[in-house]
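Here is how the chains run, residue by residue.
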Amino acid sequence: MLTYFKSCVILKVRIIRLWCFFLNFPLSFSQESSFFSEEALRQDVFSPSKAGYLKMLETLQVPVPPFFLIPYLHPFSLEGLQEELLRLQIKSGKVWNDQETGQSGLFVSVRSSFKVSMPGMLDSLLNVGLTFNHALKANKEYLWRSYIKLICHYGKLVEQIDETVFPKISKTATREEAIEFERIFQEHAGYSFPQDANEQLIKAINMVRNSWNNSRAQSYRLHEKISSSSGVDVVIQVMVFGNFNQFSGTGILFTQNPSTGKKEFFGEYSIQAQGEDIVSGGMTPGPLSLLETHLPCAYKTLKDIAEKIDNFFVDMQDIEFTIEQKKVWILQTRPGKRTKTAELRILSRYVAEGVLSMQDALKRLSLNGLEQVYHSYLENLEGLENLGKGLGASPGAIFGILAIRQETVDFLASSGRNIIFAAQETHCDDVACILKASGVITATGGMTCHGAVVTRGLGKPCVTSVQELKVHCDSIEVCGQFFPEGTLLTIDGTTGNIWKGRGALKVPEKCEELEEFLEFSHRVSAIKVYANADTLEDWNAALAFNPEGIGLCRSEHMFFKNTHLPWFQGWILGLQEDLCFSRISALQEEDYTTLLKQLNGKRLTVRLLDPPLHEFLPCTFEAEKTLSHQLEVSLEKIKELASGLKENNPMLGKRGARLGILRPEIYDLQVQSLFKAAERVHKEGIPVDLGIMIPFVTVPEEFTMIKKRILQRAIWHDLTGVIWNVGVMIEIPSSALQASFFAQEADFICFGTNDLTQMILGLSRDDTAYMIEKYQSLGIFSKDPFQSIHESSVGKILSFACETILKINPNISLSVCGEHAGDPESIDFFYSLGIRGVSCSAYRGFKAKLACAKVTLEKDSFLDSSSLKNRQIA
Ligand code: PEP
Ligand code: MG
């Protein structure tokens, strides 16, 4: 507790310090500058821009070359610039635009400043203000080199001259070379290179401002979801020269190791060089230790500064520095990019040191890319030939041998080989192959298709919807090229790529810090996180994130097992009904008994059969033959009966509650098996908490009829002491609109947002992935509506339903079990509607758990330290 209070106090002091910068301190920058927008920097406090960080460094008395800022909205004039430049002259002791001064002339860098780092996307120009005469007067190699570079970069960025027209700068830049570069500039620009520093500066400022709209910056913003509505500020800063002489240099320092999170300096250094030489790849820097031997005093100064900056920001910083004649200058600091493991370790250490509370550490943790911590990934792409890209439907990378036919899969599995199972689309018959495969690829199907759902449950990588891919009976075809079974493939279910060849995989080590965050999240989250698990294997895979129970057991997936499928197929076809019924009934009872025992009193929510029956029927000649053999019925008979079950639009056909009404014996069988299992397990002294969920309900009458039948079944069993109830799955708009009925009649309500999205948007969840991607690139969809809830449509109906339900029955359990349940942005939205349960597949549980705790901490204003303590005890 002491640590907790201590860390709160420390954090508050730090926040106050930050505010002091902008509100109370007499800031020379703000008070003197005619361009300064106080409001801009005030907004900068929690997500500072480059200029904001520089300002903080100045106030920390870190040596920063003098600078000023031109906010993007601010029109600027030459007079205004002169005033600012005069200040820079006073601070730096250098002279602007005076050709007689040689190397004591004032030269500046003109760079972009935005609150989100957009590395390499916006343009900047160095050495502005430098002219031929300056270099001539000084006659120093570094100034000739800097002048030549200025001509080159100015030509490229301001005049759009193709940079390849300029020759490579020689090792010893000279006057003659500068004259040659000027000549080339004039030839392509149509005028001679400006020798007026003001002209260079004004053009450079406009160039940086305009770079906001270059195509790479636009695509980067689109990708990173950064609004394009603002623009970019420009920082004008006095140049310092790392290439000045042999006592100079430049480098980058990370205050903590960005790969491992270890508390150690990490970085690179180059003697007698400029930062830009390193960034452009024109020079290979050495390790930071090079500085320690090169200039020990400068190293010591830099180390002290770095510690000060790290301590102040309570975050790992990426610091750009230059040493000019042994003097250390800090050009920039920003939060360093780091691996997810490093991020977790750094935050966890801050908590251990009492610098951050666990709440604040969790609030800071970004969930993007969290998968990196627990899924295997590709170390590099060496030796791989890309065959296409689809949807990353179940994350992780894996290599294996391509197999399409069941016998190939069986053969490879028997010799213990890794298998990549390929299918045009997956069917129930494929489950046996999926179970044996290490990874799955399909040509069609989206994030919620059968293959995607099953592999996610099993935690195996899966790529779906690969447009370039055609799957034939014993080969795959990619853009006219054929790859037979046996080809070695690598797939990445995180990015959706498939390659020919064997990739170098990296299996992440167990990350203890992630466990700490998960454990804390479990205690503080106001939203319970359940697993979507259909089998014992799924449940075991989900245990890693410590779920509250199973929020969705898609019972049909149990029937896909080889042991179950023929009996179930026979039964739905009306063949050997009694035999099939008794077999299925016994198998189901065993399935539920096993699950209930393993859950040991945790919630098990079983959804009664949902998909259209034809999905269970054999879809290949081989499968039909096997079934005919097993049930001793002719192949013709099987074909005839199966064709009778075909539907034109099965997703809107006989499924869910409709099956329960039209083929009541199916639900009767499931309910009876469930009650028998519950009775058995409870008699063994194991607690039981069972939810029976009715899916795909359109109108209240369906629910009433099915619930009545369930209650009648219950009478036949001794369920004393067993916790059980009957809920509804709202996944059709019609049932959402009649939510008031369910609020009164259902014991719990779970939103099936996959089907709800499909029906509200009128968009097939199985084969529109390519279209959604296109819509995203066109800006029609900002995100995939099957992954992140479409708030303006599905969100509105959900909001209506939740409000209606909670008004009538504020204590009812409301949850979501579609794919959106694992998406942090959607979880935020669900929380605002009063939904306090999500159920997602094993691989999404980690992220969901952290996201639920984050939203609780961010939105639960009552959650002070005492209520937190109470929750922890509870
Ligand atoms: C849903 O529709 O959101 C759901 C969970 O059910 P399924 O994906 O099985 O249709
Ligand atoms: Mg559904």
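Coordinates for the structure precede this section.
Attention in this report is confined to the structure presented alongside it. (Residues numbered from 1 in each chain as written. Chains lettered and ligands numbered in written order. Predicted model: local features only at pLDDT ≥ 70, side-chain atom pairs only at ≥ 80, totals over all residues. Heavy atoms only, no water.)

Considerations on the side chain of Gln 672
Quick reminder of the rule: Only DSSP runs of H or I reaching four residues or more are called helices, and only runs of E reaching two or more are called strands; each is numbered from the N terminus. Any residue under 20% of the maximum accessible area for its type is buried, any over 50% is exposed, and the rest in between are partly exposed; the area is computed with a 1.4 Å probe on protein chains only. The criterion used for residue contact is that any of the two residues' heavy atoms lie within 4.5 Å.
Within the secondary structure, Gln 672 is located in helix H27 (residues 664-683). Given the relative accessible area of 16%, Gln 672 is considered buried. Each residue touching Gln 672, except ones within four places of it in the same chain, is listed here: Ser 585, Arg 713, Trp 716 and His 717.

Quick word on the coordination of the magnesium ion (ligand 2)
What counts is decided by this rule: Metal sites are built from N, O and S donor atoms within 2.8 Å, or 3.2 Å for Na, K and Ca, and they leave out water, so they may look incomplete.
The protein atoms that coordinate the magnesium ion (ligand 2) are Glu 731 (OE) and Asp 755 (OD), at distances spanning 2.1 Å. Taken as a pair, Glu 731 in the loop between strand S27 (723-730) and helix H29 (733-737) and Asp 755 in helix H31 (residues 753-761) lie far apart in primary sequence, 24 residues in all. Accessibility classification places Glu 731 together with Asp 755 in one group, the buried group.

What about the site of ligand 1?
Short version of the rule: Whether a residue is near a molecule or strand is decided by its heavy atoms; if any one of them lies within 4 Å of it, the residue is near. Here a polar contact is recorded for every N or O atom pair within 3.5 Å, except that within protein the pair must consist of a potential hydrogen donor and a potential acceptor, and residues adjacent in sequence are included only if both atoms are side-chain atoms. Areas reported as accessible are Shrake-Rupley estimates using a 1.4 Å probe. Residue values count occlusion only from the protein chains shown. Gly falls in the polar group here, along with every residue not listed as nonpolar (Ala, Val, Leu, Ile, Met, Phe, Trp, Tyr, Cys, Pro) or charged (Asp, Glu, Lys, Arg).
Every one of the 14 residues lining ligand 1 counts as a neighbour, but Arg 554, Arg 607, Gly 752, Asn 754 and Arg 765 are closest to it. Measuring from an oxygen atom of ligand 1, one finds a backbone N or O atom of Gly 752 at 3.4 Å. Relative to its unbound accessible surface of 280 Å², ligand 1 loses 96% to contact with the protein. Breaking the shell around ligand 1 down by element, the ones donating at least two residues are strand S24 (549-554) and H31. For the shell around ligand 1, the residue count by class is three nonpolar, four polar and seven charged.

Topic: the pattern of salt bridges
Note the following rule: Throughout this description, the term salt bridge denotes a Lys or Arg side-chain nitrogen within 4 Å of a carboxyl oxygen of Asp or Glu.
For the coordinates displayed, the defined rule picks out 43 salt bridges. One salt bridge connects Arg 523 with Glu 519, and the closest N-O pair in it is separated by 3.3 Å. You can see Arg 523 and its partner Glu 519 sitting in helix H19 (residues 512-524), four residues apart, about one turn around the helix. The exposure class of Arg 523 is partly exposed, given its relative accessible area of 28%. For Glu 803, the salt bridge goes to Lys 807, with nearest N and O atoms at 3.7 Å. Of this pair, Glu 803 and Lys 807 are both found in helix H33 (residues 791-808), four residues apart, which corresponds to roughly one turn of the helix. Each of Glu 556, Arg 607, Asp 610, Arg 655, Asp 755 and Arg 765 takes part in salt bridges that share partners, so that together they form one network.

Remarks on the state of the cysteines
The condition is simple: Note that a disulfide, as used here, is simply two cysteine sulfur atoms within 2.5 Å.
Per the stated rule, a full pass over the model turns up zero disulfides. In this structure Cys 750 is not part of a disulfide, and its nearest cysteine sulfur, from Cys 817, lies 3.3 Å away. Judged by its relative accessible area of 1%, Cys 817 falls in the buried class.

Some details on the pairing of strand S26 (residues 689-694)
Operational definition: By definition, two strands form a pair when at least two bridges between them are found by DSSP. The definition of a right-handed crossover adopted here requires that, viewed with the strands pointing away, the path from the first strand over the helix to the second runs clockwise.
Within S26, six of the six residues are buried, which leaves the element mostly enclosed by the surrounding structure. Burial along S26 is two-sided: Asp 689, Gly 691 and Met 693 and Leu 690, Ile 692 and Ile 694, pointing in opposite directions, are all buried. Two strands pair when backbone bridges link them, and strand S25 (residues 603-607) and S26 are joined in this way by five bridges, in the parallel orientation. Residue Thr 605 lies in a different strand from S26, and its bridge partner there is Gly 691. Here S26 pairs with S27 via six bridges, running parallel. For Ile 694, the partnering residue across the bridge sits in S27 and is Val 728. Crossover handedness for the path S26 to helix H28 (residues 700-714) to S27: right-handed.

Re the sheet that holds strand S29 (residues 813-816)
Where we set the bar: Helix axes are fitted only over the stretch in contact, all axes being lines through C-alpha atoms; the angle between N-to-C directions runs from 0 to 180 degrees.
Taken in spatial order, the eight strands close into a barrel running S23-S24-S25-S26-S27-S28-S29-S30, and their pairing is parallel. Strand after strand, the sheet turns through a mean of 25° between neighbouring axes, direction not considered. Bridge count for strand S28 (residues 748-751) against S29 is four bridges, and the pairing is parallel. The residue bridging Ile 749 from the neighbouring strand is Leu 814, located in S29. The strands touched by H27 are S25, S26 and S27; relative to S26, the strand with the most contacts, the crossing angle is about 175°.

Description of the packing of aromatic side chains
Put simply, the rule reads: For this analysis, a ring pair means two rings from Phe, Tyr or Trp (six-membered ring only for Trp) whose centres lie within 6.5 Å, classed as stacked if their planes differ by under 30 degrees, edge-to-face if by over 60, and tilted for the remaining angles. As a reminder, the over-ring test applies to NZ of lysine and CZ of arginine, requiring each to be within 6 Å of the ring centre and within 35 degrees of the ring normal.
Counted under the stated rule, the structure contains 30 aromatic pairs. Between the aromatic rings of Phe 185 and Tyr 191, the centroid separation amounts to 5.4 Å while the plane-to-plane angle is 90°, which identifies the pairing as edge-to-face. Lying across the ring of Phe 247, Lys 326 places its NZ or CZ 4.8 Å from the centre. Positioned above the aromatic ring of Trp 567, the side-chain terminus of Arg 583 is 4.5 Å from the ring centre.

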